[in-house]
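# Summary of the model geometry
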Amino acid sequence: MTAFEIAMLFVSALMGAGFVSGKEIYNFFGRYGTQGVYGIVVVIAFLIILSLMIMKMAERIGKFSSDEILCPLGGSKLKKMIGWILRISLFISFTAMLSAGTSVLKEQFGINKYWGGLVLALLIGITVYTDIHGILTIFKKIVPFMLMVTVFIGGGVLFKNIRTAAEPIILEPRYPWFVSALLYLFYNLIAAIPVLGTLGIEEKKWKVKQKGGIIGSLFVGGFALAFWKIVCNNSIIAETSDLPMIYLAGEIHYGIRYIYAFIMIIAIYCSATNCLYGVQADGENKKNILRISLLTIVGYFFSLIGFGNMVKYIYPFQGVAGAFLLLMFLVNFLILIGKKK
């Protein structure tokens, strides 16, 4: 495994529907104007540090198990509770990504949401069954393609903005910029824990893992800065549109709108696959076709609730859960390091 492959898996876990649409970057960073850049820099620094810590923790333990990685105490009840919090959070993220995918398929391509969502869910379930090696084989081909197309289309939007954009309008933020940055980190890193934990076991060379974590974090940060610039230049569109980047891509050329929508589907597929893999693989190396099938089917039916409703009612739980899990992880890491001395 190379550092670039590790970076691509890390990126695929973080660049989901909200990120690639531009809406997530606007909500967490674009609303803050220049201060949003400070927030992105803070997130990049924490992503580098935490990604390396998670891989090191998994390496020390010798297996990926959320109970062992996240729990600072030896009580079995607390370990089980923490493990279930992570699995539930990952499952919520899986259903949310699936719901976002069905919405994009219906709104942009006119595909029936029931059939479109079912096909997407089955594709994700089949990919998860190939295990981490199969996922890596697929992702190392499609993630670079996704990033390359995003760069070209995003660059086109930026070029158009440079020539035509009016003075950006920054609307009132909800929280201080540093709180928003931390919420973004808590909310997003949950999806990366299973991937990073597995990579900590699968790759034996620490320098390769170290480079992969750094490169992946810088990739995510670089795209976040580019999207920040785009949504700041188009703050009214970013505020009123659910999928601002698709709208802006269509401003370049109507056909590019569909290309970018397809890129969003790839991002959703990658992120949802990482989440479902994390739910079913926690603490085990065996593939369980029954468990994967049940999780896929149940996730599909939950996804029919609608992405908007999930964001409104369920996502706040994700931020709180993420903060709690990362706090437990930091305590556990310090305890483990102290024991090794």
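Residues numbered from 1 in each chain as written. Predicted model: local features only at pLDDT ≥ 70, side-chain atom pairs only at ≥ 80, totals over all residues. Heavy atoms only, no water.

### Digging into the overall build of the chain
When helices and strands are counted, the chain shows 16 helices and zero strands. When the 341 residues of the chain are sorted by exposure, 55% land in the buried category. A sequence separation of at least 24 residues applies to 85% of the contacts in the chain between residues at least 6 apart. When the accessible surface of the chain is split by element, carbon and sulfur atoms take 68% of a total near 15,000 Å². (Helix = DSSP H or I, 4+ residues; strand = E, 2+ residues; numbered from the N terminus. Buried < 20%, exposed > 50% of the residue type's maximum accessible area, 1.4 Å probe, protein only. Contact = heavy atoms within 4.5 Å. Areas by Shrake-Rupley, 256 points an atom, 1.4 Å probe, with all protein chains shown as cover.)

### Side note on the confidence of the model for the chain
Counting all residues, the mean pLDDT for the chain is 82, and 87% of those residues have values of 70 or more. Element-level mean pLDDT values for the chain span from 54 in helix α15 (residues 307-313) up to 92 in helix α10 (residues 206-233). (pLDDT = per-residue confidence, 0-100.)

### Examining the packing of aromatic side chains
Applying the stated criterion across every chain yields a total of eleven aromatic pairs. Aromatic ring contacts, followed pair by pair, group Phe28, Phe29 and Tyr184 into a single cluster. Geometry around Trp206 places Lys56 over its ring, the cationic atom sitting 4.1 Å from the centre. Sitting over the face of the ring of Trp84, Arg87 holds its NZ or CZ atom 5.3 Å from the ring centroid. (Phe/Tyr/Trp six-rings, centres within 6.5 Å; stacked < 30°, edge-to-face > 60°. Lys NZ or Arg CZ within 6 Å of the ring centre and 35° of its normal.)

### Re helix α9 (residues 177-202)
Because the α-helix completes a turn every 3.6 residues, residues three or four places apart line up on one side. With 26 residues, α9 should cover 38 Å at 1.5 Å per step; its first-to-last C-alpha distance of 37 Å lies within 8% of that length. Where α9 bends most, at Ile190, the angle is about 40°, and the proline Pro194 comes one to four residues later. (Expected span 1.5 Å × (residues − 1). Bend = angle between axes of the 7 residues up to and from the residue.)

### Some thoughts on the pattern of salt bridges
Under the criterion given, the structure shown has four salt bridges. A salt bridge links Arg31 to Glu239, with the nearest nitrogen and oxygen atoms 3.0 Å apart. Of this pair, Arg31 sits in the loop between α3 (23-28) and α4 (35-61) while Glu239 sits in helix α11 (residues 235-240); the two residues are 208 residues apart in sequence, bridging distant segments of the chain. Its relative accessible area of 7% is what places Arg31 among the buried residues. Three or more residues are tied together by salt bridges with common partners; here these are Lys56, Glu59 and Lys209. (Salt bridge = Lys/Arg side-chain N within 4 Å of Asp/Glu carboxyl O.)

### A word on a nonpolar patch on the surface
Among the surface-exposed residues, Phe109, Ile111, Phe145, Met148, Phe152, Tyr254, Tyr258 and Phe262 lie close enough to one another that they form a single nonpolar patch of about 820 Å² accessible area. Elements with a contribution of two residues or more to the nonpolar patch: α8 (131-164) and α13 (254-281). Mapped onto the elements of the fold, Tyr254 is located in helix α13. Its relative accessible area of 55% is what places Tyr254 among the exposed residues. (Patch = residues over 30% accessible without salt bridge, like charges linked within 9 Å, V, L, I, M, F, W, Y side chains within 5 Å.)

### With respect to the nonpolar core
Burial of nonpolar side chains together is a common tendency in soluble globular proteins. Phe19, Phe29, Ile124, Tyr260, Met264 and Phe329 are the most contacted members of the largest nonpolar core, which totals 107 residues. The element best represented in this core is α13, accounting for 16 residues. Aside from chain neighbours lying at most four places away, what touches Phe329 is Leu50, Met53, Ile54, Met57, Ile69 and Leu70. (Core = buried A, V, L, I, M, F, W, Y, C linked by side-chain atoms within 4.5 Å.)

### Focus on the environment of Gly18
Examined against the element boundaries, Gly18 turns out to sit in helix α2 (residues 17-21). A C-alpha to C-alpha distance of 8.7 Å links Gly18 and Ala100, two positions 82 residues apart in sequence. Residue contacts for Gly18: discarding those within four places in its chain leaves Lys23 and Glu24.

### Notes on the environment of Ala45
Inspection of the secondary structure assignment puts Ala45 in helix α4. For the pair formed by Ala45 and Gly221, sequence separation is 176 residues and the distance between their alpha carbons is 9.2 Å.

### Topic: the environment of Ser271
Along the polypeptide, Ser271 turns up in helix α13. Linking Ser271 and Ile124, residues 147 residues apart in sequence, is a C-alpha distance of 9.7 Å. When sequence neighbours within four positions are dropped, the list of residues in contact with Ser271 reads Ser12, Ala13, Gly16 and Met97.

### With respect to the packing of helix α1 (residues 3-14) against α10
Look at α1 against α10: their axes get within 7 Å of each other, and the N-to-C directions meet at 40°. Considering the angle they form, α1 stands oblique to α10. Note on packing geometry: the crossing formed by α1 with α10 is right-handed. Of α10, the residues touching α1 (which contributes Ala3, Phe4, Ile6, Ala7, Met8, Phe10, Val11 and Leu14) are Val208, Lys209, Lys211, Gly212, Gly213, Ile215, Gly216, Ser217, Phe219 and Val220. Split by residue class, the contact of α1 with α10 holds twelve nonpolar, four polar and two charged. (Axes fitted to C-alpha atoms, helices over the stretch in contact; angles between N-to-C directions. Parallel < 35°, antiparallel > 145°, perpendicular 65-115°, else oblique. Left-handed = near helix turned anticlockwise from the far one by under 90°. Nonpolar A, V, L, I, M, F, W, Y, C, P; charged D, E, K, R; others polar.)

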